[in-house]
Amino acid sequence: MPSRRFADGEVVRGRWPGSSLYYEVEILSHDSTSQLYTVKYKDGTELELKENDIKPLTSFRQRKGGSTSSSPSRRRGSRSRSRSRSPGRPPKSARRSASASHQADIKEARREVEVKLTPLILKPFGNSISRYNGEPEHIERNDAPHKNTQEKFNLSQESSYIATQYSLRPRKEEVKLKEIDSKEEKYVAKELAVRTFEVTPIRAKDLEFGGVPGVFLIMFGLPVFLFLLLLMCKQKDPSLLNFPPPLPALYELWETRVFGVYLLWFLIQVLFYLLPIGKVVEGTPLIDGRRLKYRLNGFYAFILTSAVIGTSLFQGVEFHYVYSHFLQFALAATVFCVVLSVYLYVRSLKAPRNDLSPASSGNAVYDFFIGRELNPRIGTFDLKYFCELRPGLIGWVVVNLVMLLAEMKIQDRAVPSLAMILVNSFQLLYVVDALWNEEALLTTMDIIHDGFGFMLAFGDLVWVPFIYSFQAFYLVSHPNEVSWPMASLIIVLKLCGYVIFRGANSQKNAFRKNPSDPKLAHLKTIHTSTGKNLLVSGWWGFVRHPNYLGDLIMALAWSLPCGFNHILPYFYIIYFTMLLVHREARDEYHCKKKYGVAWEKYRQRVPYRIFPYIY
Ligand SMILES: NC(=O)C1=CN([C@@H]2O[C@H](COP(=O)(O)OP(=O)(O)OC[C@H]3O[C@@H](n4cnc5c(N)ncnc54)[C@H](OP(=O)(O)O)[C@@H]3O)[C@@H](O)[C@H]2O)C=CC1
Ligand SMILES: CC(C)CCC[C@@H](C)[C@H]1CC=C2C3=C(CC[C@@]21C)[C@@]1(C)CC[C@H](O)C(C)(C)[C@@H]1CC3
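Small disclaimer: the values here were computed from a predicted structure and weren't measured. (Residues numbered from 1 in each chain as written. Chains lettered and ligands numbered in written order. Predicted model: local features only at pLDDT ≥ 70, side-chain atom pairs only at ≥ 80, totals over all residues. Heavy atoms only, no water.)

**What about the overall build of the protein chain?**
For step 1, the next point in the chain: Looking only at helices and strands, the protein chain has 23 helices and 12 strands in total.
For step 2, the next point in the chain: Pairs at least 24 apart in sequence give 74% of the contacts found in the protein chain among residues at least 6 apart.
For step 3, the next point in the chain: About 27,400 Å² of surface is accessible on the protein chain, with carbon and sulfur atoms providing 63% of the total. (Helix = DSSP H or I, 4+ residues; strand = E, 2+ residues; numbered from the N terminus. Contact = heavy atoms within 4.5 Å. Areas by Shrake-Rupley, 256 points an atom, 1.4 Å probe, with all protein chains shown as cover.)

**Remarks on the site of ligand 1**
For step 1, the next point in the chain: Looking at ligand 1, there are 26 residues lining it, with Y468, R512, Y548, D551 and Y595 nearest.
For step 2, the next point in the chain: In this structure, Y430 approaches ligand 1 through a side-chain N or O atom, which is 2.7 Å from a nitrogen atom.
For step 3, the next point in the chain: With respect to ligand 1, the side chain of D587 contributes an N or O atom lying 2.6 Å from an oxygen atom.
For step 4, the next point in the chain: If you list the elements that add at least two residues to the shell around ligand 1, you get α20 (484–513), β12 (534–535), α21 (546–559), α22 (571–595) and α23 (597–605).
For step 5, the next point in the chain: Top element by residues in the shell around ligand 1 is α22. It accounts for 8 residues. (Near = heavy atom within 4 Å. Polar contact = N/O pair within 3.5 Å; in protein donor to acceptor, adjacent residues only side chain to side chain.)

**Observations regarding the side chain of D460**
For step 1, the next point in the chain: In this structure, D460 sits in helix α18 (residues 454–467).
For step 2, the next point in the chain: For the buried residue D460, which engages in no salt bridge, the nearest side chain bearing the opposite charge is K384, 8.6 Å off. (Buried < 20%, exposed > 50% of the residue type's maximum accessible area, 1.4 Å probe, protein only. Lys, Arg positive; Asp, Glu negative; His and termini not counted. Salt bridge = Lys/Arg side-chain N within 4 Å of Asp/Glu carboxyl O.)

**Re the UniProt feature "transmembrane region" (unreviewed entry) in the protein chain**
For step 1, the next point in the chain: Mapped onto this numbering, the UniProt entry gives "transmembrane region" (unreviewed entry) at residues 212–232, 258–275, 296–314, 326–346, 414–432, 452–470, 482–501 and 552–576.
For step 2, the next point in the chain: Helix makes up 94% of residues 258–275 and strand makes up 0%, while its end C-alpha atoms are separated by 26 Å. (UniProt positions renumbered as here; feature names shortened; annotations may be inferred.)

**With respect to the pairing of strand β3 (residues 36–41)**
For step 1, the next point in the chain: The element β3 is largely enclosed, with a buried count of 5 among its 6 residues.
For step 2, the next point in the chain: The pairing of strand β2 (residues 22–31) with β3 spans 6 bridges and is classified as antiparallel. Looking at β3, one finds that H30 is bridged to Y37.
For step 3, the next point in the chain: Bridge count for β3 against strand β4 (residues 46–50) is 5 bridges, and the pairing is antiparallel. Counterpart to T38 in the pairing with β4 is E48. (Pairing = 2+ DSSP bridges.)

**Re the pattern of salt bridges**
For step 1, the next point in the chain: Scanning the model with the defined rule gives 21 salt bridges in all.
For step 2, the next point in the chain: E373 is paired through a salt bridge with R347; the nearest N and O atoms lie 3.1 Å apart. Placement of E373 in the loop between α13 (364–370) and β9 (377–378) and of R347 in helix α12 (residues 326–348) is noted, with a sequence separation of 26 residues between them.
For step 3, the next point in the chain: Across the salt bridge formed by E588 and R544, the nearest N and O atoms sit 3.2 Å from each other. Within this pair, whereas E588 is found in helix α22, its partner R544 is found in the loop between β12 and α21, the two being separated by 44 residues in sequence.
For step 4, the next point in the chain: The exposure class assigned to E588 is buried, which follows from its relative accessible area of 5%.
For step 5, the next point in the chain: Salt bridges linked by common partners bring R544, E588, K592, E600 and R603 together as one network.

**Remarks on the site of ligand 2**
For step 1, the next point in the chain: Looking at ligand 2, there are 15 residues lining it, with L222, E388, A434, D446 and D460 nearest.
For step 2, the next point in the chain: Here ligand 2 loses 86% of its free accessible area of 630 Å² to cover by the protein chains.
For step 3, the next point in the chain: The set of elements that each furnish at least two residues to the shell around ligand 2 consists of α14 (383–389), α16 (418–436), α18 and α22.
For step 4, the next point in the chain: When residues of the shell around ligand 2 are assigned to their parent elements, the largest contribution, 4 residues, is made by α18.

**Focus on the packing of helix α9 (residues 256–274) against helix α15 (residues 391–410)**
For any two helices packed against each other, the geometry is given by the interaxial angle and the distance between the axes.
For step 1, the next point in the chain: With their axes 10 Å apart at the nearest point, α9 and α15 run at an angle of 120° to one another. Relative to α15, the element α9 lies oblique. Between α9 and α15 the crossing geometry is right-handed. Of α15, the residues touching α9 (which contributes W265, F266 and Q269) are P391, I394, G395 and V398.
For step 2, the next point in the chain: The residue inventory of the contact of α9 with α15, partitioned by class, reads 5 nonpolar, 2 polar and no charged. (Axes fitted to C-alpha atoms, helices over the stretch in contact; angles between N-to-C directions. Parallel < 35°, antiparallel > 145°, perpendicular 65-115°, else oblique. Left-handed = near helix turned anticlockwise from the far one by under 90°. Nonpolar A, V, L, I, M, F, W, Y, C, P; charged D, E, K, R; others polar.)

**So, the layout of surface pockets**
For step 1, the next point in the chain: Quantified by volume, the second largest pocket comes out at close to 630 Å³.
For step 2, the next point in the chain: Considering the residues around the second largest pocket, the lining is formed by 24 residues, among which V261, W265, F319, V322 and V398 are closest to the centre.
For step 3, the next point in the chain: Contributing elements (two or more residues each) for the lining of the second largest pocket: α9, α10 (298–314), α11 (320–324), α15 and α18.
For step 4, the next point in the chain: By residue class, the composition of the lining of the second largest pocket is 19 nonpolar, 3 polar and 2 charged. (1 Å grid on protein atoms, 1.4 Å probe; cavity = no way out; pocket = protein on both sides within 12 Å on 5 of 7 lines; lining within 4 Å. Points joined across faces, edges and corners; volume = space filled by probe spheres on them.)

**A look at the sheet that holds strand β5 (residues 54–56)**
For step 1, the next point in the chain: The 5 strands lie next to each other as β4-β3-β2-β1-β5, forming an open sheet whose pairing is antiparallel. Two strands close off the open sheet at either side, each with one partner strand: β4 and β5. Along the sheet, successive strands turn relative to each other by an average axial angle of 50°, direction set aside.

And the structure:
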């Protein structure tokens, strides 16, 4: 049996995941199978660390004068000393051979970070590690003056993560220091990136979606369920009490021409994605400090697609073909998604460990579903990012348009029904909003946490275009007349949902981008030991996931135009409630791990998750 180096109860220094910082931790236990130590940070956060990420207290060589207990001013003194070793001052490395200097620099950088940022340094600031995170006195107004330009701040904000980890200085000073330090920290992060970061395999108990049996069921069940729903919806009486229609044989559903049209659609979107228009931004830092670049041109892709669709309509292209072959298109998309998932899994086997998703487990079935590789790319082409917003999401709008035209044709209408117009415009607003705020996607769980595997491939390429368009599909064969007063009420509901959804998402994105944004000065925050704070007022003080609440209200407004004759058009809101309740639980789990006691405090301050006074 392999021996362990540290005993339970021993106080050591543990590396904070994703950074090079070492904090005082207590060893709680050790798992001999996974060889992981469960450690507790002073703010109560419990994490599992590898032995390599733990160091005895004695191994931390202190700077002369014992800087770990230094006062704020002395600390800054130590900063300026460290700056003298930044790339801006080459002599040291210039004196050495390239590889020797490289290695030595890494060593130096590591020692630098370890010594400079020991938690003891910050004691005089009432740091969250030495005090209960998020206590009332730590809840402060977000009213720091905004001195720096947005651009400057953005540059330093994420990359100076290391420097701000435990710092609770006045914000004014903080922002200045962030700027000064950003270059240095970037350098350190870059150098440290050469070390391989081992993705810790998560244990069976941490598997989400019901583990291996759960994901197995989802992978086989969802496509079958999709076809059943579509077939049911096509029935004259789509009551759930009716026996579900038999699934047609695969050969009846397969049409090579349809698959060709689907491929053409996909390739057009690839082409638009590759156009060198739109600004390039950096994603959130990866586990090894790197930040990937993303071009934001989703909105342009949408405009170009609209132009192509408009021209095709004008040229008399028969869009009814999509409606009359809807099941065939769903199958073509499913087949494409399966092939893509297999490709993603196979290529992930060659991916460096650094590139694996934190959600991956080491189990082949589970990883095929959740995605093994976090950001699979071919050159600069980011497969996950592309699929999340382009072929499926824009495809959804096109499918809705197809349904609108089909309704006019089948019901022999000169103009579409009010119900169809409402559904089309509501969902168009949702998609345009997503593309307009494309950058916000970079901070979602899908991009940061989940890999790219069957789950997102199927969700993005099949589920979104063929299930999210379900209301419009339903209205083609089940007309519903909506009165104007009813329509007005539904519009008000949709707008309320949208205001909450957009308000909450924009507030959080603005805060994450620039916590000193003067527009957010009135908001209260809780400090956390990671350096990122949590909003506790505004939308995020209302419930813990106000964006989900807004999204669900909008989802209800999408179903109401279909009337109350059948439950089928309400499938979306039922599914979506389940998805978001589950997603909220996943996010809660991650935030608890990330923020420890501060998250607990946030939960106390904001007790409801999604629905105020209900849940
Ligand atoms: N239409 C659809 O099918 C779907 C739509 N969505 C929508 O996508 C959007 C993004 O959703 P999702 O990625 O799940 O999650 P969120 O956008 O809600 O992001 C959750 C993260 O926000 C941060 N956070 C949580 N609480 C606070 C707080 N009080 N103050 C500041 N930051 C906080 C945390 O990350 P950190 O602290 O690390 O920044 C947390 O992990 C939502 O609007 C959702 O409705 C999602 C799924 C499906
Ligand atoms: C069926 C599967 C088990 C689950 C599939 C889930 C996916 C359909 C969703 C997961 C997260 C999504 C997001 C959006 C669409 C649905 C999926 C892919 C989103 C692009 C919709 C538009 C929003 O404005 C958004 C915030 C950009 C969404 C991001 C998450």
